[in-house]
Amino acid sequence: MIDKSQFGQMPDGQIIDSYILTNNNGMSVEILTLGAIIRSWRLATDPSVDIVLGFDNATDYLSDQSYLGRTVGRYANRIKDGEFKIADKSYSVSTNLQGNCLHGGVEGFHNRLWSVVNTEDDLYPSITLNLTSEDGDQGFPGTLNLDVTFSLDQEDRLTIEYHALSNQDTVFNPTQHSYFNLAGHNSGTIFDQQIQLSANNYTPADENAIPTGEIKPVNETAFDLRQPTSFGQAINRQDQAIKAANGLDHNWCVEGFSAAQDKLQWVADVIEPKSGRILITHTTMPGVQIYTGNFIGEATLGKNNIKYAPYHGFCIESQFYPNSPNQAEFPSATLPANTPFVSKTSYQIKQKSQQ
Ligand code: GLA
């Protein structure tokens, strides 16, 4: 089932719509045309539990600095100094954090109004949103046309598919920036939720979260999350880089990534111990940024006037490694002209007993 309603307005008066996708089990995910945002994700077993952070109105989304629920682009995470080269041609893109480009720059994709180009509701509900990013948008080369499809299947899996095409060589790195809290968006910190990653390696970074270029084994480091570890424990590990970031905000290398990007690999499980709820993430992308909401503003008023604060949600952002355009050894984020880009990431909810 798909329910469409009006959510709000853009500053210029254009209408922002909300689409609620409900599968046969009764689970629902709400998508906004603003920012291709996931605004809510309610469980079939208990619709009062909403596992993503969000806002009740457009104004709050438009002033949000934390990218709640956004589709992020053109380049998720950081490009050092906002500079890179493609085939010896230098580009300079919008910088918005410590002199670096974060999440596509000042006017990334996250506050754009997307258009709905398709909805389907046969086997299970799905919606496709489209955005055109013009040549030179935030300094990035090439006109890029992007479709993002969200589908919610019978196994309570939300699959997000990105299809893009650029008319010039460019760099492209889309992601989803939902903040999950498996106990519910209104239940405070995520410290007792446990994360497990399929990642034998990570990319160490400097104090501004720019990778040094190394790909380092997690073995005997604070970044070994191969066994279930509570976020509280992980954040409190004695490590300079974790301290510098106020928590987890790092990129891990997804095991089994193939350059053809044709296979979804399991990368993360997060378990909420009280309910036994598990979020299972798969992706075709080479990396994943695990972010524990370290910088959520203390005074953020979210849905139903719930006060959000640091560590009230975690993000699992599938991605090319940060700053890949300047690291020839990393999987390439270059999208050649007129070459279709496809990537997929899925998030599935299960109960522990079902696993
Ligand atoms: C990513 C970045 C963080 C932060 C959040 C949004 O996870 O790595 O530093 O910018 O997005 O606030």
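Here the structure is shown first, and the text comes after it.
To start, this report covers the structure provided alongside it. (Residues numbered from 1 in each chain as written. Predicted model: local features only at pLDDT ≥ 70, side-chain atom pairs only at ≥ 80, totals over all residues. Heavy atoms only, no water.)

## Comments concerning the overall build of the protein chain
Worth spelling out the cut-off: In DSSP terms, a helix is any run of H or I states spanning at least four residues, a strand is any run of E spanning at least two, and both are numbered starting from the N terminus. Atoms counted for the radius of gyration: C-alpha only. Globule rule: 2.2 Å times the number of residues to the power 0.38. Only protein chains enter the accessibility calculation, which uses a 1.4 Å probe. A residue is then buried if its area is under 20% of the maximum for its type, exposed if over 50%, and partly exposed in between. Note on definitions: a residue-residue contact is assigned when non-hydrogen atoms from the two residues lie within 4.5 Å. To be clear on the numbers: accessible area is Shrake-Rupley with a 1.4 Å probe, and residue cover counts the displayed protein chains and nothing else. Asp and Glu are treated as the negative residues and Lys and Arg as the positive ones, with His and the ends of the chain left uncounted. One atom stands in for each charge, and that atom is NZ of Lys, CZ of Arg, CG of Asp or CD of Glu.
The secondary structure content of the protein chain amounts to three helices and 28 strands. Since a compact globule built from 355 residues should have a radius of gyration of about 20 Å, the 19 Å found for the protein chain is in line with a globular shape. Over its C-alpha atoms, taken along the principal directions, the protein chain stretches across nearly 55 × 50 × 40 Å. By residue count, 58% of the 355 residues in the protein chain fall in the buried class. A separation threshold of at least 6 residues defines the contact pool for the protein chain, and within that pool the share at least 24 residues apart is 64%. For the protein chain, the computed accessible surface area is about 14100 Å², with 45% contributed by carbon and sulfur atoms. One way to put it: in the protein chain the 23 positive side-chain charges average out to a point 4 Å from where the 40 negative ones average out.

## Quick word on the pairing of strand 12 (residues 144-152)
So the rule is basically this: Here, any two strands with at least 2 DSSP bridges between them count as paired.
For strand 12, a buried count of seven out of nine residues is recorded, marking the element as mostly surrounded by other parts of the structure. By the bridge criterion, eight bridges tie strand 11 (residues 125-133) to strand 12 in an arrangement that is antiparallel. Considered in strand 12, the bridge of leucine 131 is made with leucine 146. Both strand 12 and strand 13 (residues 157-166) contribute to a ladder of nine bridges, which runs antiparallel. Bridge pairing in strand 13 links phenylalanine 150 to isoleucine 160. Following strand 12, the chain reverses through four residues before pairing antiparallel with strand 13; aspartate 156 in that reversal takes a positive phi of roughly 60 degrees.

## Quick notes on the pattern of salt bridges
Filter applied, for reference: By salt bridge we mean one thing: a side-chain nitrogen of Lys or Arg within 4 Å of a carboxyl oxygen of Asp or Glu.
Across all of its chains, the model carries twelve salt bridges by this definition. Ionic pairing is found between arginine 42 and aspartate 50, a salt bridge with its closest N-O pair at 3.9 Å. Judged by relative accessible area, arginine 42 falls into the partly exposed class, the value being 31%. Aspartate 50 gets classed as buried once you look at its relative accessible area, which sits at 2%.

## Some remarks on the site of the ligand
Put simply, the rule reads: Residues are counted as near a molecule or strand when any one of their heavy atoms sits within 4 Å of it. N or O atoms within 3.5 Å of each other form a polar contact, as long as, within protein, one can give a hydrogen and the other can take it, and as long as residues adjacent in sequence are counted only when both atoms are side-chain atoms. Amino acids are sorted into nonpolar (Ala, Val, Leu, Ile, Met, Phe, Trp, Tyr, Cys and Pro), charged (Asp, Glu, Lys and Arg) and polar (every other residue, Gly among them).
Surrounding the ligand, one finds Ser66, Tyr67, Asn77, Arg78, Leu102, His103, His177, Tyr179, Asp249, Gln289, Tyr291 and Glu317. Within the side chain of arginine 78, an N or O atom sits 2.8 Å from an oxygen atom of the ligand. Expressed as a share of its isolated accessible area of 300 Å², the protein-covered part of the ligand is 94%. Taken together, the residues that form the shell around the ligand break down as four nonpolar, five polar and three charged.

## Here we look at the sheet that holds strand 12
One open sheet holds the nine strands; their spatial order is 10-11-12-13-28-22-21-16-19, and the pairing between them is antiparallel. Both outer strands of the open sheet, strand 10 (115-121) and strand 19 (229-230), are each paired with one neighbouring strand and no more.

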